[in-house]
Amino acid sequence: MDFFRVNLPPMDLMRSEKMTFVQLIIPAESAHRAITYLGQLGLLQFRDLNAEKSPFQRTFVNQVKRCAEMSRKLRFLMDQINKAGIMSPSPVLQTDTYLEDIEVHLAEHEHEIIEMNSNSEKLQQSYNELLEFKSVLQKACSFLVSNHGHAVSEERELEENVYSNGDFIETPFLFEQEMMPDPTKSNQSGLRFISGIICKSKVLRFERMLFRATRGNMLFNQAPADEQIMDPISTEMVEKTVFVVFFSGEQARTKILKICEAFGANCYPVPEDISKQRQITQEVSSRLADLEATLDAGIRHRNKALSSVGAHLAKWMDMVRREKAVYDTLNMLNFDVTKKCLVAEGWCPIFARTQIQEALQRATFDSSSQVGVIFHSMDALESPPTYFRTNSFTNPYQEIVDAYGVARYQEANPAVYTTIIFPFLFAVMFGDWGHGICLLLGALVLIAHERKLGNQRLGSFMEMLFGGRYVLLLMSLFSMYCGLIYNEFFSVPFHIFGASAYKCRDISCRDARTTGLVKYREPYPFGVDPSWRGSRSELPFLNSLKMKMSILFGVVHMNLGIMLSYFNARFFGSSLDIRYQFVPQMIFLNSLFGYLSLLIVVKWCSGSQADLYHIMIYMFLSPLDNLGENELFWGQRPLQILLLVLALIAVPWMLFPKPFILKKLHNERFQGRNYGVLNTSEVDLEVEPDSARDSARQHREEFNFSEVFVHQMIHSIEFVLGSVSNTASYLRLWALSLAHSELSTVFYEKVLLLAWGYDNLIIRLVGLIVFAFATAFILLMMETLSAFLHALRLHWVEFQNKFYHGDGYKFKPFSFAALTEDEN
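Residues numbered from 1 in each chain as written. Predicted model: local features only at pLDDT ≥ 70, side-chain atom pairs only at ≥ 80, totals over all residues. Heavy atoms only, no water.

Secondary structure summary: the protein contains 27 helices and 13 strands in total. Classification of the 824 residues of the protein by burial places 43% in the buried group. A separation threshold of at least 6 residues defines the contact pool for the protein, and within that pool the share at least 24 residues apart is 80%. Carbon and sulfur atoms make up 59% of the accessible area of the protein, which amounts to about 45,700 Å² in all. (Helix = DSSP H or I, 4+ residues; strand = E, 2+ residues; numbered from the N terminus. Buried < 20%, exposed > 50% of the residue type's maximum accessible area, 1.4 Å probe, protein only. Contact = heavy atoms within 4.5 Å. Areas by Shrake-Rupley, 256 points an atom, 1.4 Å probe, with all protein chains shown as cover.)

Set out below in structure tokens:
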């Protein structure tokens, strides 16, 4: 116990922390340091006193802009580091760094990185052009070398595609000179060509466009480039294709060049002389080697500069994030008329007053201010925020409750009871100690790696699973407990606590599935007797057991909710709610469903064969009739009549007295009074003298009896009808438990046992794999999620609606610990 007292923070989950509304008058010279210390403490929620002003009209807007600009530079440097694939080095120990120094360093580093990126892009562009030129030289030369056989095939292709068009009979003569050995004769015939390189994905469209533009009067040759070229914008390697287009005429040349430009194809001049081609190829290769060495040196220099920045980047980002949060908070404060001090207002827990005052005194001393910070409490017109001190174990349960609605200030907190009841109701629907062990192993893995996973950025699903690791732990433990009660291990019963209390009715029988059972010894000591599994009475017995057990749990759960409404009313001093809401609700619920629960327990204890459906139905239809064989105990009929009368009386008891009493109290409070009570708060002193009288008159007019009566009527009808529907809703405990058990049985018998019946290793292996996947994804994931959501509904709708308003708002203090990277 001493260990937990040391490591767990003090907390009181039953009701939210008591809050106080405070005002701070901070000298201008110590304001920044005071807000910084309060941000480190994280126990004061500031109120925005400049809500009517836009962000650009506030006092410290320039400082916020500076921090935003530094955040932009930091994000730019971080993107550059990630883009370069540099591992972030461990942060170095530094002396205190000021924001002005960070601003200067960031400006220098950003300018340096931008300049290096610009130079690198230019060099990379030149390198890409030379690499493309080299590929064009290598591939285009093969197209330009005269080959008689190759030219003949080209002529046939031109005859098929071009000669067939009667308008262009003369154009094939352009390629006739190509069949001659002398390449200079091609120039005499007017044959020209354009060589270049284009992305592989655009080749088909490019060729089609050239064919249409020249009306087929061209020859298109292509070959894939040997090397991929890096795109300087996306830094991805792109496959390219070298092409050579043969044509004739200046007009065709102009069209082809425009099409090349439109498709992003780069054209390069290739000489026809082989010696010149070799000479240019050597020069290009030499320049490529030089550029490659220059690029490598530039990348090394750039990575070295980014590495030096990366060592300080995490600390700088944290400092800028905090500084921006401080100035955002300062913008919520008011300057007084002298412009020498700032006025702040906000909420803080009462227990934190001493810590806040110590932080303010330290800020005054560290800033060498001659005037201290004035800190005092004030009266507030609005309701205080809700604040619960939680730890890693209780926080997920509090989040489950807050997802429905944040508790009203000082309202009874359902999270205290949810901590145990929620995993138990889940286990009632998920009861199987084999599946519970699987959930337990998963929870233990998450808890064992808690420190490692807590410092990582997880996905949305893993983050939710990690946050609820202790919820998963309790759900698995309760599932194992309920599974032992149901005696189910992956739907298989075991004789864990001794031999069965039943044996076969016939001595010669060997299979209880066909002959029924007879009891011959004391009942099974713990849980369900394993002999029920597979017998003819299995479903009727388990249905009856789980259905009645669900009703018992539901009635107890709803009674707990109504009792919490009593504690709420007592805490807030509302005797009307106790007398005219709590009492009739308890009478109504227990007169009907409490009595049903009593009958269930008596029937279990006595072993009677009475029909509970008949008893409950004729309790309303024929309350004076004799019960006969359905009588469970002496005096049952008079008790039923009494309970029925009490239930009928409880309905008008909830409906009528409270609105009329509220009206009477209101009239007595304002009878003969034309003035209001003078308050001592500064807000009331600033109001005009007649405003108090107007406020009292307005408050008197605000009481609307019809509205109050209708609200009470709706609440009463909702409770009466909800008692029936809520009790029936708890039958989901029975339905999901039965569904989980039967589904698990189907997978075990129809998959695993069926496959194991074959004398074939492959069939057995396939059956085992199918059973494992079905267990993991259907029973452990889908069924877990289903039971979780149904347990969530039982708490939100059936339990919390009895006492929980959930119309409060969270306490959100100014805290550096709560800042996220998204706020940078």
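Let's pick the thread back up.
Contact geometry of helix 13 (residues 433-448) with helix 27 (residues 761-799) gives a least axis separation of 11 Å together with a crossing angle of 80 degrees. Judged by the angle between their axes, helix 13 and helix 27 are roughly perpendicular. For the pair formed by helix 13 and helix 27, the contact residues are His435, Cys438 and Leu439 on the first element and Thr775, Leu779, Leu780 and Thr784 on the second. Residue composition of the contact of helix 13 with helix 27, by class: four nonpolar, three polar and no charged. (Axes fitted to C-alpha atoms, helices over the stretch in contact; angles between N-to-C directions. Parallel < 35°, antiparallel > 145°, perpendicular 65-115°, else oblique. Nonpolar A, V, L, I, M, F, W, Y, C, P; charged D, E, K, R; others polar.)

Let's shift gears to the pattern of salt bridges. All chains considered together, the criterion is met by 19 salt bridges. Notably, a salt bridge pairs Glu17 with Arg389, separated by 3.0 Å at the nearest N-O pair. Placement of Glu17 in the loop between helix 1 (2-7) and strand 1 (19-27) and of Arg389 in the loop between strand 11 (374-378) and helix 11 (395-404) is noted, with a sequence separation of 372 residues between them. Neither residue differs from the other here; Glu17 and Arg389 are each classed as buried. Notably, a salt bridge pairs Asp807 with Arg408, separated by 2.7 Å at the nearest N-O pair. Note that Asp807 is positioned in the segment after helix 27 and Arg408 in the loop between helix 11 and helix 12 (415-429), a separation of 399 residues in sequence. On the basis of relative accessible area, Arg408 is assigned to the partly exposed category, the value being 31%. Beyond isolated ion pairs, a larger network of salt bridges with shared partners links Glu69, Arg72 and Glu110. (Salt bridge = Lys/Arg side-chain N within 4 Å of Asp/Glu carboxyl O.)

The subject of this paragraph is the confidence of the model for the protein. Any region with low pLDDT has predicted coordinates that should not be read closely. On average, residues of the protein score 83 in pLDDT, and 85% of them are at 70 or above. Here residues 1-9 is a poorly scored stretch, pLDDT under 50, and it has three contacts once near neighbours within four places are set aside; other chains count. Taken as a whole, residues 676-700 scores under 50 in pLDDT and shows 18 contacts with residues more than four places along the chain or in a different chain. (pLDDT = per-residue confidence, 0-100.)

Taken in spatial order, the four strands line up as 4-7-3-8 in an open sheet, and their pairing is antiparallel. Two strands close off the open sheet at either side, each with one partner strand: strand 4 (219-224) and strand 8 (266-267). Pairing analysis gives nine bridges linking strand 3 (residues 191-199) to strand 7 (residues 240-248), with the strands arranged antiparallel. Residue pairing across strands places Ile197 opposite Val242, the latter belonging to strand 7. Contacts from helix 7 (residues 203-213) reach strand 3, strand 4 and strand 7 within the one sheet, and its direction differs from that of strand 4 by about 170 degrees. Set on the sheet, helix 8 (residues 250-262) makes contact with strand 3, strand 7 and strand 8; between it and strand 7 the angle comes to about 160 degrees. (Pairing = 2+ DSSP bridges.)

What follows is about unusual backbone geometry. Positive phi, close to 65 degrees, is recorded for Gln410, a residue that is not glycine. What makes Gln410 buried here is its relative accessible area of 6%. Phi at Ser491 is positive, roughly 75 degrees, even though this residue is not glycine. Since its relative accessible area comes to 5%, Ser491 is described here as buried.

This part is about the pairing of strand 10 (residues 341-349). For strand 10, the buried fraction is high: nine of the nine residues fall into the buried class. Of the two faces of strand 10, the one holding Cys341, Val343, Glu345, Trp347 and Pro349 and the one holding Leu342, Ala344, Gly346 and Cys348 are both buried throughout. When strand 1 meets strand 10, the two strands line up antiparallel, connected through nine bridges. Opposite Met19, over in strand 10, you have Pro349 as the bridge partner. Note: strand 2 (residues 45-46) against strand 10, two bridges, orientation antiparallel. Bridge assignment links Phe46 to a residue of strand 10, and that residue is Gly346. Bridging between strand 9 (residues 334-335) and strand 10 involves two bridges; their strand directions are antiparallel. Each residue of the ladder has a partner; that of Asn334, found in strand 10, is Val343. The turn joining strand 9 and strand 10, which pair antiparallel and follow one another in sequence, is formed by five residues; a positive phi near 65 degrees is taken by Lys339.

Moving on to helix 20 (residues 612-621). Those residues of helix 20 that sit buried are Leu612, Ile615, Met616 and Met619. The buried side chains of helix 20 occupy one side of the element, clustering within an arc of 90 degrees when seen end-on. Of the exposed residues in helix 20, the ones pointing more than 90 degrees away from its buried face are Tyr613 and Leu621. In this structure Asp611 caps helix 20, since a side-chain oxygen of it lies 3.2 Å from the backbone nitrogen of Tyr613. (Arc of directions from axis to C-beta. Polar contact = N/O pair within 3.5 Å; in protein donor to acceptor, adjacent residues only side chain to side chain.)

Turning next to the nonpolar core. By size, the foremost hydrophobic cluster in this structure holds 75 residues, and its most contacted members are Phe422, Phe426, Phe588, Tyr595, Leu599, Ile615 and Leu733. Among the elements that make up this core, the one with the highest residue count is helix 19 (residues 575-606) (11 residues). The contact partners of Leu733, leaving out residues within four places of it in the chain, are Leu425, Val428, Met429, Ser550, Phe553 and Leu794. Among the nonpolar cores identified, the runner-up in size contains 57 residues, and Cys67, Met70, Leu333 and Tyr387 belong to it. (Core = buried A, V, L, I, M, F, W, Y, C linked by side-chain atoms within 4.5 Å.)

Contact geometry of helix 21 (residues 636-655) with helix 25 (residues 705-729) gives a least axis separation of 8 Å together with a crossing angle of 150 degrees. As judged from the angle between their axes, helix 21 and helix 25 are roughly antiparallel. Note on packing geometry: the crossing formed by helix 21 with helix 25 is right-handed. Only Phe709, Gln712, Met713, Ser716, Phe719 and Val720 of helix 25 make contact with helix 21, whose side of the interface consists of Val651, Met654 and Leu655. Classifying every residue of the contact of helix 21 with helix 25 gives seven nonpolar, two polar and no charged. (Left-handed = near helix turned anticlockwise from the far one by under 90°.)

This next bit is on the side chain of Ser491. Tracing the sequence through the fold places Ser491 in the loop between helix 16 (469-486) and strand 12 (502-504). Leaving out residues up to four positions away in the same chain, Ser491 has contacts with Asp432, Arg533, Ser741, Ser744, Thr745 and Tyr748.

Our next topic: a nonpolar patch on the surface. A cluster of nonpolar side chains, namely Phe461, Met462, Met464, Leu465, Trp756, Leu765, Leu768, Ile769, Phe773, Phe777, Met781 and Met782, defines an oily patch on the protein surface of about 1,200 Å² accessible area. Breaking the nonpolar patch down by element, the ones donating at least two residues are helix 15 (460-467) and helix 27. Considering every element that reaches the nonpolar patch, the biggest residue donor is helix 27, with seven residues. Relative to the helices and strands, Met781 resides in helix 27. (Patch = residues over 30% accessible without salt bridge, like charges linked within 9 Å, V, L, I, M, F, W, Y side chains within 5 Å.)

In the structure shown here, the tally under the stated rule is 38 aromatic pairs. With a centroid separation of 4.4 Å and an interplanar angle of 45 degrees, the aromatic rings of Trp433 and Phe489 are classed as tilted. Here Phe489 lies in the loop between helix 16 and strand 12 and Trp433 lies in helix 13, a separation of 56 residues in the sequence. Members of the aromatic cluster, joined through ring pairs, are Tyr404, Trp796, Phe799, Phe803 and Tyr804. Its end group placed over the ring of Phe466, Arg469 keeps NZ or CZ at 4.1 Å from the ring centre. Here the basic side chain of Lys663 rests over the ring of Phe705, its NZ or CZ set 5.0 Å away from the ring centre. (Phe/Tyr/Trp six-rings, centres within 6.5 Å; stacked < 30°, edge-to-face > 60°. Lys NZ or Arg CZ within 6 Å of the ring centre and 35° of its normal.)

This brings us to the environment of Pro27. Residue position: Pro27 is located in strand 1. Measuring from C-alpha to C-alpha, the distance between Pro27 and Gln370 comes to 9.0 Å, with 343 residues separating the pair along the chain. In this view, Pro27 contacts Lys340, Cys341, Ser369, Val371, Gly372 and Val373; residues no more than four positions away in its chain are not counted.

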